[in-house]
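Listed below, chain by chain, are the residues.
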Amino acid sequence: MKPNKSNFLMTFDSYNGGFDKEQTTYLPVLIGDKVVKYENELATSLLDLLNNYDKILKTLDKYLKKCIEQKTNEYSELIKTFGNLKKEILKQSNNLYILIYFIDILIFDILEIQNGNLYIEDEIYLYCANYIFSLKEELANSRDFALSTFFRTYNITGEQLQYTGDMEKDFYASAYETFTATQLSLPSVDIKFDNVEYNSNSKEKMEPYSFTYSIFSIADLVNVTLYHLKKNERAILCCANCKKYFVPTAHINIVEKEDSDKLEKKLIKERNTRVTCSNDCLNARRKEKTKQNLYGYKKEKKNLRDSLRNMDKRHNTHLLEEFDLKFNKKETELLNKYGSDNFEIIEEKLLQYILSIKDDRKK
Ligand SMILES: [Zn+2]
């Protein structure tokens, strides 16, 4: 069976609560007409690409190296090798059919070369190596584009930028408003409208309920995903705790009894300013924050020094100077006792010291 290169279909289905289902129908090139279907949440494939990027790249590199070092032009050997590559990719995630599809096209090409239907000038192993190399490049470009669309701290080449703004706000919680793409090229699409119970007296507009795209490249997958994220007022966020990329779906702490317009805005804001991906990460982050506050002696020190400075001005005293001398002595003592590596203990002791001075002053 000659595969049709457009047979990687993806539909975005608007049934049941907005466009949040992504269905991908995948027809493996080598297994006749057997159809493997899978269904998942919007953006799952893209998120898996982003979250497994390093692992995938390493795997592709391994096979690229194998190709170049073994220099084999044996058809069966090459087909076996890329069959193993497919298995390894699928072990990393169930949502990476897009990559499997492209490896299948390579395997199909090898068969076409063997059958004399495809003529190449290079040796076959070089053809394969170039193919894997291009796949890597496309993966890198797509990742960079997706990240630069939602994260101001990334530039278009995916490098993290030196950033002086509010990292918390801009990096960990890039809301969908920060979407910066100005142009997305979408592949051809088949749109179905929901007109089952449509009657001509109704003023209600017919809404599209399904989009079927023919995906030709990883860039297509990324563009379609970004378009539907934007359309659904959703964003890709980066978890402040585990650093994984995620698209928030569920809502927390919102009682759905307000009028719908206001509620809708609140729901969008709540999910797109989320800082962590799960309850576990939220709890871990709370713990971390509490710890930071515990060791926040610098803030307490600044407050105390400010108030001493004011006292000195008003009463012509030298309280600040006295405090600084005492504090420095205490710090040196602690450093000598615990060593500079034990900064957590030292900072806690300094915090206690400052708080005790504050307490004394209140008496
Ligand atoms: Zn997380």
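Residues numbered from 1 in each chain as written. Predicted model: local features only at pLDDT ≥ 70, side-chain atom pairs only at ≥ 80, totals over all residues.

Colleague: A description of the overall build of the protein chain should follow, citing residues and the corresponding values.
Modeller: Regarding its fold elements, the protein chain presents 12 helices and 7 strands. Looking at the protein chain as a whole, 22% of its 363 residues are labelled buried. Excluding contacts between residues fewer than 6 apart, the proportion of contacts in the protein chain whose partners are at least 24 apart in sequence is 62%. (Helix = DSSP H or I, 4+ residues; strand = E, 2+ residues; numbered from the N terminus. Buried ≥ 20, exposed ≤ 12 C-beta atoms within 10 Å, placed from the backbone. Contact = placed C-beta atoms within 7 Å.)

Colleague: Provide a residue-level description of the packing of helix α4 (residues 97-114) against helix α5 (residues 124-150), including the pertinent values.
Modeller: In contact at an axis separation of 11 Å, α4 and α5 are set at 160° when each is read in the N-to-C sense. In terms of axis orientation, α4 runs roughly antiparallel to α5. Pair α4 / α5 crosses with right-handed handedness. For the pair α4 and α5, the contacting residues are Phe102, Leu106, Ile110 and Ile113 in the first and Ile124, Cys128, Tyr131 and Leu135 in the second. Grouping the amino acids of the contact of α4 with α5 by side-chain chemistry returns 8 nonpolar, no polar and no charged. (Axes fitted to C-alpha atoms, helices over the stretch in contact; angles between N-to-C directions. Parallel < 35°, antiparallel > 145°, perpendicular 65-115°, else oblique. Left-handed = near helix turned anticlockwise from the far one by under 90°. Nonpolar A, V, L, I, M, F, W, Y, C, P; charged D, E, K, R; others polar.)

Colleague: Residue-level account of helix α7 (residues 218-231), with values.
Modeller: Since one α-helical turn is 3.6 residues long, residues separated by three or four positions face the same way. For α7, which comprises 14 residues, the first-to-last C-alpha distance of 20 Å matches the rise-based estimate of 20 Å (1.5 Å per residue) to within 8%. Across the 14 residues that make up α7, a large majority, 10, are buried. Inspection of α7 places Ile218, Asp220, Leu221, Val222, Asn223, Val224, Thr225, Leu226, His228 and Leu229 among the buried residues, and these make up the whole buried set. (Expected span 1.5 Å × (residues − 1).)

Colleague: Lay out the environment of Phe133 with the relevant residues and their values.
Modeller: Here Phe133 lies in helix α5. By C-beta crowding, Phe133 is classed as partly exposed, having 15 other C-beta atoms within 10 Å. With 69 residues separating them in the primary sequence, Phe133 and Leu64 have C-alpha atoms 7.2 Å apart.

Colleague: Got a sec to walk through unusual backbone geometry? Specific residues and values, please.
Modeller: Although it is not a glycine, Lys243 sits at a positive phi angle of roughly 65°. Topologically, Lys243 is positioned in the loop between β6 (237-238) and β7 (245-246).

Colleague: Give me the environment of Leu139: which residues, what numbers.
Modeller: Along the chain, the position of Leu139 falls in helix α5. Classification of Leu139 as buried rests on a count of 21 C-beta atoms within 10 Å. Setting aside chain neighbours within four positions, we find Leu139 in contact with Ile56 and Ile218.

Colleague: Would you mind going over the confidence of the model for the protein chain in detail, with residue names and values included?
Modeller: Looking at the protein chain as a whole, the pLDDT averages 76, with 70% of positions reaching at least 70. At the low end of the mean pLDDT range in the protein chain sits strand β2 (residues 21-26), at 41; at the high end sits helix α2 (residues 53-70), at 95. (pLDDT = per-residue confidence, 0-100.)

Colleague: Talk me through helix α1 (residues 44-51); I want residue IDs and the actual numbers.
Modeller: Of all the residues in α1, the buried ones are Ser45, Leu46, Leu47, Asp48 and Leu49. Against the buried residues of α1 lie α2, α4, α5, α7 and β7.

Colleague: Could you give an account of the environment of Thr212, naming the residues involved and the relevant values?
Modeller: As for its placement among the helices and strands, Thr212 is situated in strand β5 (residues 208-214). With 16 C-beta atoms counted inside 10 Å, the residue Thr212 sits in the partly exposed group.

Colleague: How would you sum up the packing of α2 against α5? Please name residues and give values.
Modeller: Contact geometry of α2 with α5 gives a least axis separation of 9 Å together with a crossing angle of 165°. Relative to α5, the element α2 is oriented roughly antiparallel. Of the two elements, α2 crosses α5, and the hand of that crossing is left-handed. On α5, the residues that touch Tyr53, Ile56, Leu57, Leu60, Tyr63, Leu64, Cys67 and Ile68 of α2 are Tyr125, Cys128, Ala129, Ile132, Phe133, Leu135, Lys136, Leu139 and Arg143.

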